[in-house]
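Fold and contact review
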Amino acid sequence: RHFVTRANTGKVSVGEAAPDFELIAGGYVNVKLSDYKGKKVVLAFFPCAFSGAVDDGCQCQLEALKTLTDAGVTVFGISRDQPFAQKAWMEKLGNPSLLCLCDFTLGTAENYVGTLDFGAFLDGVGVSKGFTGYSASNRGCIAIDEEGKVVYKWVALDDAGKSHPGFLPNIDEVKKALGM
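**Some points on the overall build of the protein**
Secondary structure summary: the protein contains six helices and nine strands in total. The buried share of the protein, reckoned over its 180 residues, is 46%. A separation threshold of at least 6 residues defines the contact pool for the protein, and within that pool the share at least 24 residues apart is 66%. If you sum the accessible surface of the protein, you get close to 8800 Å²; carbon and sulfur atoms cover 52% of it.

And the structure:
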């Protein structure tokens, strides 16, 4: 008997109010989503910073979003990494307008984009051995308009509907959803 597991892609849908959260940014700065009401916000979820070969995707995702921060959109990178790692990741990316937030309980990821067994993924592609069971957020992108509504949602899935952190969001689709 074979079971196909579909990815958990979070609870929130396009058209719904974005659930509020309060997370800690690198440097131990508290960030609350509701403090940004009236602004366009993008939440860029990624599995983890400094993950070796997988880093390229995380870095590319956040660097591509620089066009949004340059246009005045607030962009938050969100992963499970601790605030020390988030601060170092922000410095590596070199975009002072980007804040990376620590979702250590993965509660915010569960609401927005869901989670995956990142350890099993890394084991499966030969990056690690015996790391199965380490949970992280799916790679995903959420755009929120000035009224606090979700206007765009994308979660990295393969053709079988399984989480796959190797895919990146289409930034032009994000811009279009935000009316840019």
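**Thoughts on the pairing of strand β9 (residues 150-155)**
It is a general feature of regular strands that their side chains alternate between the two faces of the sheet. Of the pairings in the sheet, the one linking strand β8 (residues 140-144) to β9 comprises five bridges and is antiparallel in character. Considered in β9, the bridge of Gly140 is made with Val155. Linking β8 to β9, which pair antiparallel, is a turn of five residues; within it Gly148 sits at a positive phi near 85 degrees.

**Digging into the pattern of salt bridges**
Under the defined criterion, the tally for this structure stands at one salt bridge. Lys40 is the partner of Glu146 in a salt bridge, and the nearest nitrogen-oxygen pair spans 3.9 Å. In this pair, Glu146 is assigned in the loop between β8 and β9 and Lys40 in the loop between β2 (29-32) and β3 (41-45), connecting sequence segments 106 residues apart. Classification of Lys40 by relative accessible area gives partly exposed; the value is 21%.

**Examining the side chain of Ser137**
Positionally, Ser137 belongs in strand β7 (residues 135-137). Ser137 sits in the buried class, given a relative accessible area of 1%. One polar contact links the side chain of Ser137 to the main-chain carbonyl oxygen of Phe46, over a distance of 3.0 Å. When near neighbours in sequence (up to four residues on either side) are disregarded, Ser137 contacts Phe45, Phe46, Pro47, Ile78, Leu106, Ala109, Gly114, Thr115 and Leu116.

**A look at the pairing of strand β5 (residues 98-102)**
Burial analysis of β5 places four of its five residues in the buried class, the great majority of the element. Alignment of strand β1 (residues 22-25) against β5, held across two bridges, turns out to be antiparallel. Paired with Ala25 across the strands is Leu101, a residue of β5. Where strand β4 (residues 74-79) meets β5, five bridges bridge the pair, whose relative direction is parallel. Paired with Val75 across the strands is Leu98, a residue of β5.

**Concerning the packing of aromatic side chains**
Applying the stated criterion across every chain, the model contains six aromatic pairs. Aromatic side chains Phe21 and Tyr112 sit 6.2 Å apart centroid to centroid with 90 degrees between the ring planes, which places their arrangement in the edge-to-face category. With Phe21 in the segment before β1 and Tyr112 in helix α4 (residues 107-112), the pair connects residues that are 91 residues apart, well separated along the chain. The exposure class of Phe21 is buried, given its relative accessible area of 6%. Between Phe131 and Tyr134 the ring centres are 5.0 Å apart and the planes differ by 15 degrees, which places this aromatic pair in the stacked class. For Phe131, a relative accessible area of 37% puts it in the partly exposed group. Exposure remark for Tyr134: the relative accessible area of 24% places this residue in the partly exposed category. Through a chain of ring-to-ring contacts, three or more aromatic side chains come together here, namely Phe21, Phe45 and Tyr112.

**What about the sheet that holds β8?**
Read from one edge of the open sheet, seven strands run β2-β1-β5-β4-β3-β8-β9, paired in mixed fashion. The open sheet has two edge strands with one neighbour each: β2 and β9. Along the sheet, successive strands turn relative to each other by an average axial angle of 30 degrees, direction set aside. In the packing of helix α3 (residues 83-93) onto the sheet, contacts are made with β1, β4 and β5, and the angle to β5 comes to roughly 160 degrees.

Calculation rules
- Residues numbered from 1 in each chain as written.
- Predicted model: local features only at pLDDT ≥ 70, side-chain atom pairs only at ≥ 80, totals over all residues.
- Heavy atoms only, no water.
- Helix = DSSP H or I, 4+ residues; strand = E, 2+ residues; numbered from the N terminus.
- Buried < 20%, exposed > 50% of the residue type's maximum accessible area, 1.4 Å probe, protein only.
- Contact = heavy atoms within 4.5 Å.
- Areas by Shrake-Rupley, 256 points an atom, 1.4 Å probe, with all protein chains shown as cover.
- Pairing = 2+ DSSP bridges.
- Salt bridge = Lys/Arg side-chain N within 4 Å of Asp/Glu carboxyl O.
- Polar contact = N/O pair within 3.5 Å; in protein donor to acceptor, adjacent residues only side chain to side chain.
- Phe/Tyr/Trp six-rings, centres within 6.5 Å; stacked < 30°, edge-to-face > 60°.
- Axes fitted to C-alpha atoms, helices over the stretch in contact; angles between N-to-C directions.

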